[in-house]
Amino acid sequence: MSRRIVSFPTLRSLALRLTLFALLWGVLTDGGVDAPAFGSVIILTATALSLALSRPTPWSLIGLLRFVPFFLWQSLRGGLDVAWRAFLPGPPIAPVVLTYRLRLPPGRARAFMVAVNNLLPGTLSAEISRNCLMVHVLDQRRSTGKALAALEDRIAAIFQIKLTSAATAPGQSRIHAEA
Amino acid sequence: MADLISAFLLLGGVAFFLAGTLGLLRFPDVYSRLHALTKADNLGLGLLVAGLAIRSESWFAVGKLVLIWLLVLVASSFACHLVARAAWRRGIPPWT
Amino acid sequence: MTPFYLALALLLLLSLTAGLWRILRGPTPADRMLAAQLFGTTAVAVLLLLAEATDQAAARDVALVFALLAAVTMVAFVRRGWTARPGEPPDDG
């Protein structure tokens, strides 16, 4: 039986969520100066509910800060890539469905990967089954496997997950075409 | 100057919306149309939000614009996956 | 700047109308849902432009609600309307 009732991670996420909801309330009410008492009650209720409903997960601020510019840049590339294909005659696409063996464990990190993958240039998450992500690729001439492994590394850095297997095992590819 | 940058970003944003719709009409199957729509519209809305944020009167207004973009981003990205998965489970074959 | 914003909003509305064609054509229910996704994102963009053009900050709140509703609509459609099959494996992730 531990004497400590509140552990450090819980305290950290309490402070974090309190700040987050206060900011959110400020944004929604243009500063929240009209009804500070009402606002405080809302912020406290929201924080309590969020702590009750979702357990704190370990995450890294540095990982997140490094992810943001990467994500913005990839969104820009993804949008440009698909826009020029839409305008050109043809249109010049060569789709293929690939299977990628995920290293991220099931959970938030994996859900995050599935969502972000849709915004990266030329990839679309079609299905997850048995630790494999089926990716619809708009242009099969692209090296998708490397991009997916790099994305996985970045997401692992945010959620402080150690990926078990190496990014590229010799003689064995993480990615292969759907039969 | 800020007005010029803002106008440029807004025009760019609308251009990407048009590109997304063009892809929606021209691409051969539901999967590639998802590519076009999700990526182009999210970039389009992102540029639009950036263009409006530059001219914004307060930081709270900027926050609200960014919040709207993030919400749409999360919604359309998961929606994109769910539609693709539904199509895949239904056995709709990808165009090759 | 107001005519400029209105012109952009009009362009977006035209693009939305073009999306209607995809709803009519289909051919699969997924294609129709795609157009709904287009409507959600474009409606948010149009509302943001109108908020700026008419100086009505409240329109931004409408855009915010639209963004939330779009998410709920999509998930409701995909989970209930279209894929619900008995014995389907639960989601991971």
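Treat the numbers as computed from the prediction; the structure is a model and nothing was measured. (Residues numbered from 1 in each chain as written. Chains lettered and ligands numbered in written order. Predicted model: local features only at pLDDT ≥ 70, side-chain atom pairs only at ≥ 80, totals over all residues.)

1. Focus: the sheet that holds strand β3 (residues 132–137) of chain A
All names here are of chain A. The criterion, for reference: Here, strands pair whenever DSSP counts at least two bridges between them. To qualify as a helix, a DSSP run of H or I must reach at least 4 residues; to qualify as a strand, a run of E must reach at least 2; elements of each kind are numbered from the N terminus. In this analysis an axis means a line fitted to C-alpha atoms, helices contributing only their contacting stretch, and an angle means the value between N-to-C directions, from 0 to 180 degrees.
A sheet is described by the order of its strands in space; here four strands give the open sequence β2-β3-β1-β4, paired in antiparallel fashion. One side of each edge strand has no neighbouring strand; the edge strands of this open sheet are β2 (123–129) and β4 (175–177). On average, each strand axis in the sheet is inclined to that of its neighbour by 30 degrees, with strand direction left out of account. Where β2 meets β3, six bridges bridge the pair, whose relative direction is antiparallel.

2. Remarks on the domain arrangement of chain A
Condition: The start and end points of each domain follow an automatic or database-based domain assignment.
Each assigned domain of chain A is listed here: domain 1 (8–53) and domain 2 (61–177). On a C-alpha basis, the centroid separation for the pair domain 1 of chain A and domain 2 of chain A is 34 Å.

3. Some thoughts on the interface of chain B and chain C
Filter applied, for reference: Residues are treated as contacting if the C-beta atoms built from their backbones sit within 7 Å of each other. Side-chain classes follow a simple rule in which Ala, Val, Leu, Ile, Met, Phe, Trp, Tyr, Cys and Pro form the nonpolar group, Asp, Glu, Lys and Arg form the charged group, and the remainder, Gly included, forms the polar group.
Opposite the 31 residues of chain B that make contact, chain C presents 34 residues. Per-element tally for the side of chain B that touches chain C: the top contributor is helix α3 (residues 59–89) of chain B, with 13 residues. Taken together, the residues of the side of chain B that touches chain C break down into 24 nonpolar, three polar and four charged.

4. Some remarks on the pairing of strand β1 (residues 96–101) of chain A
Residues and elements named next belong to chain A. Sheet analysis places β1 next to β3, joined by six bridges and oriented antiparallel. From the neighbouring strand, Leu-98 faces β3, where its bridge partner is Val-135. When β1 meets β4, the two strands line up antiparallel, connected through three bridges. Bridge pairing in β4 links Thr-99 to His-176.

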